[in-house]
Amino acid sequence: MGFLTYHQLAFIVGVLGNIISFLVFLAPVPTFYIIYKKKTAEGYQSIPYMVALSSSMMLLYYGLLKTNATLIISINSIGCAIEAIYLVLYLIYAPKRDKVFAVKWIVIFNLGGYSLIMLLTNFFTERSNRVTAMGWICAVYSVAVFASPLSIMRHVMRSKSVEHMPFLLSFFLTLCATMWFFYGLFVKDFYIALPNVLGFLLGIGQMTLYVIYKNANKNAEITEKLRKGNTELNQSSLEDANPCLADDKPEIKELTTIIAEKPVQSNKNNA
């Protein structure tokens, strides 16, 4: 194929996929810096990091079952380490109730679920079919992970705010899905390629929503400022039209207080 073979193209896009995936894994670093500075993880959720760790663990196992899957093994090994660090930091700073919840689901979901998958694929699946079985598990799981931003997209459309959907994260996730799609295509691994089609489409959808709603908050702020400005302008116009109004405000307030107190005093005299 021109100057480059499919194998060489797969290596290039695989390396790019590793680099971009690494940047995506580092995306939560500012969040954990805030947690470290505040010394509390209250208000933050552990579930996204459990899901990311589970995804990396399963893809790592899939890569180990395959042949010539060094690029899949490398990035998912790094991903497992990074997500494990995030969860340890979360457990250090989380409130007791959130900490108990996180530990319970790490044991059930990450350790229990992963152990069950390894047990099923090793003892109930023939060796020749293990890669296929694990490939389908990874593909279905990847589709579920890629579909998770649908709730965020719905929130953006309802609130008309992109505060919780950063553009750069959506951009890098889309780019990441593109690289891994072409990697899967070039090495003829459709368990990797096909789920990333959905990832690409949802990433484009997120960026489109960002472009549509990115100025919604600014327009609301401008409208609010104009409304406040008009109110202040109307008040100042009234004071300009009747200068005595501004000067007499304390006297009017004092007179109102005296009038309000008079009935009370008269009632006392009658008593």
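Note that the structure is a prediction, hence the values are computed from the model and not measured. (Residues numbered from 1 in each chain as written. Predicted model: local features only at pLDDT ≥ 70, side-chain atom pairs only at ≥ 80, totals over all residues. Heavy atoms only, no water.)

(A) Up close: the environment of Lys96. If you trace the backbone, Lys96 turns up in helix H5 (residues 96-123). In this structure Lys96 comes out as exposed when scored by relative accessible area, which is 71%. For the pair Lys96 and Glu42, spaced 54 residues apart in sequence, the C-alpha separation works out to 9.8 Å. (Helix = DSSP H or I, 4+ residues; strand = E, 2+ residues; numbered from the N terminus. Buried < 20%, exposed > 50% of the residue type's maximum accessible area, 1.4 Å probe, protein only.)

(B) Representation of the pattern of salt bridges. Tallied over the entire structure, the rule returns one salt bridge. With its nearest N and O atoms 3.3 Å apart, the salt bridge here joins Lys66 to Asp189. Highlighted residues: Lys66 in the loop between helix H3 (47-65) and helix H4 (70-93) and Asp189 in the loop between helix H8 (167-186) and helix H9 (190-213), separated in sequence by 123 residues. Owing to a relative accessible area of 24%, Lys66 belongs among the partly exposed residues under this scheme. (Salt bridge = Lys/Arg side-chain N within 4 Å of Asp/Glu carboxyl O.)

(C) Inspection of unusual backbone geometry at higher detail. Notably, Lys39 is not glycine yet its phi reads approximately 60°, a positive angle. As for its position among the elements, Lys39 is in the loop between helix H2 (29-38) and H3. The phi dihedral of Lys160 is positive, around 55°, even though this residue is not glycine. Summarising the element assignment, Lys160 is placed in the loop between helix H7 (149-159) and H8.

(D) Structural detail: the layout of surface pockets. Counted as a void, the second largest pocket has a volume near 240 Å³. Every residue lining the second largest pocket is listed: Tyr6, His7, Ala10, Phe11, Lys66, Thr67, Asn68, Thr70, Leu71, Tyr183, Phe186 and Val187. Breaking the lining of the second largest pocket down by element, the ones donating at least two residues are helix H1 (6-25), H4 and H8. Residues of the lining of the second largest pocket, tallied by class, amount to seven nonpolar, four polar and one charged. (1 Å grid on protein atoms, 1.4 Å probe; cavity = no way out; pocket = protein on both sides within 12 Å on 5 of 7 lines; lining within 4 Å. Points joined across faces, edges and corners; volume = space filled by probe spheres on them. Nonpolar A, V, L, I, M, F, W, Y, C, P; charged D, E, K, R; others polar.)

(E) Spotlight on helix H6 (residues 130-147). Between its terminal C-alpha atoms H6 stretches 26 Å, which fits the 26 Å expected from 18 residues at 1.5 Å a residue. Buried residues along H6 sit in contact with H3, H5 and H9. (Expected span 1.5 Å × (residues − 1). Contact = heavy atoms within 4.5 Å.)

(F) Spotlight on the side chain of Thr121. Take Thr121: it is sitting in helix H5. For Thr121, a relative accessible area of 2% translates into the label buried. Within polar-contact distance, the side chain of Thr121 engages the backbone oxygen of Met118 at 3.2 Å. Those residues in contact with Thr121 that lie beyond four places of it in its chain are Tyr61, Arg130, Met134 and Ile137. (Polar contact = N/O pair within 3.5 Å; in protein donor to acceptor, adjacent residues only side chain to side chain.)

(G) Highlighting the packing of aromatic side chains. Scanning the entire structure with this criterion turns up 15 aromatic pairs. A ring pair is formed by Phe32 and Tyr49, whose centres lie 5.2 Å apart and whose planes are at 65°; its orientation type is edge-to-face. Placement of the pair is Phe32 in helix H2 and Tyr49 in helix H3, with a sequence separation of 17 residues. Overall, the relative accessible area of 7% leaves Phe32 in the buried class. Note on Phe181 and Phe182: the rings are 5.2 Å apart at their centroids and 70° apart in plane angle, and the pair reads as edge-to-face. (Phe/Tyr/Trp six-rings, centres within 6.5 Å; stacked < 30°, edge-to-face > 60°.)

(H) Representation of a nonpolar patch on the surface within the structure. A contiguous nonpolar patch, built from Phe3, Leu4, Phe11, Ile12, Val15, Leu16, Ile19, Phe22, Leu23, Leu26, Val29 and Ile78 and spanning about 1,100 Å² of accessible area, is present on the exposed surface. Here the element with the most residues in the nonpolar patch is H1; it accounts for seven residues. Among the secondary structure elements, Leu16 is positioned in helix H1. (Patch = residues over 30% accessible without salt bridge, like charges linked within 9 Å, V, L, I, M, F, W, Y side chains within 5 Å. Areas by Shrake-Rupley, 256 points an atom, 1.4 Å probe, with all protein chains shown as cover.)

(I) Representation of the environment of Ile20. Mapped onto the elements, Ile20 comes out in helix H1. Along the chain, Ile20 and Leu173 lie 153 residues apart, while their C-alpha atoms are 8.2 Å from each other. Ignoring sequence-local partners within four residues, the contact set of Ile20 consists of Phe172, Leu175, Cys176 and Met179.

(J) Highlighting the confidence of the model for the chain. Here the chain averages 83 in pLDDT, and 79% of its residues register 70 or above. Averaged pLDDT values for the elements of the chain fall to 49 in helix H12 (residues 249-270) and rise to 95 in H4. This model gives residues 263-271 a pLDDT under 50, and the stretch forms zero contacts once residues within four places in sequence are excluded. (pLDDT = per-residue confidence, 0-100.)

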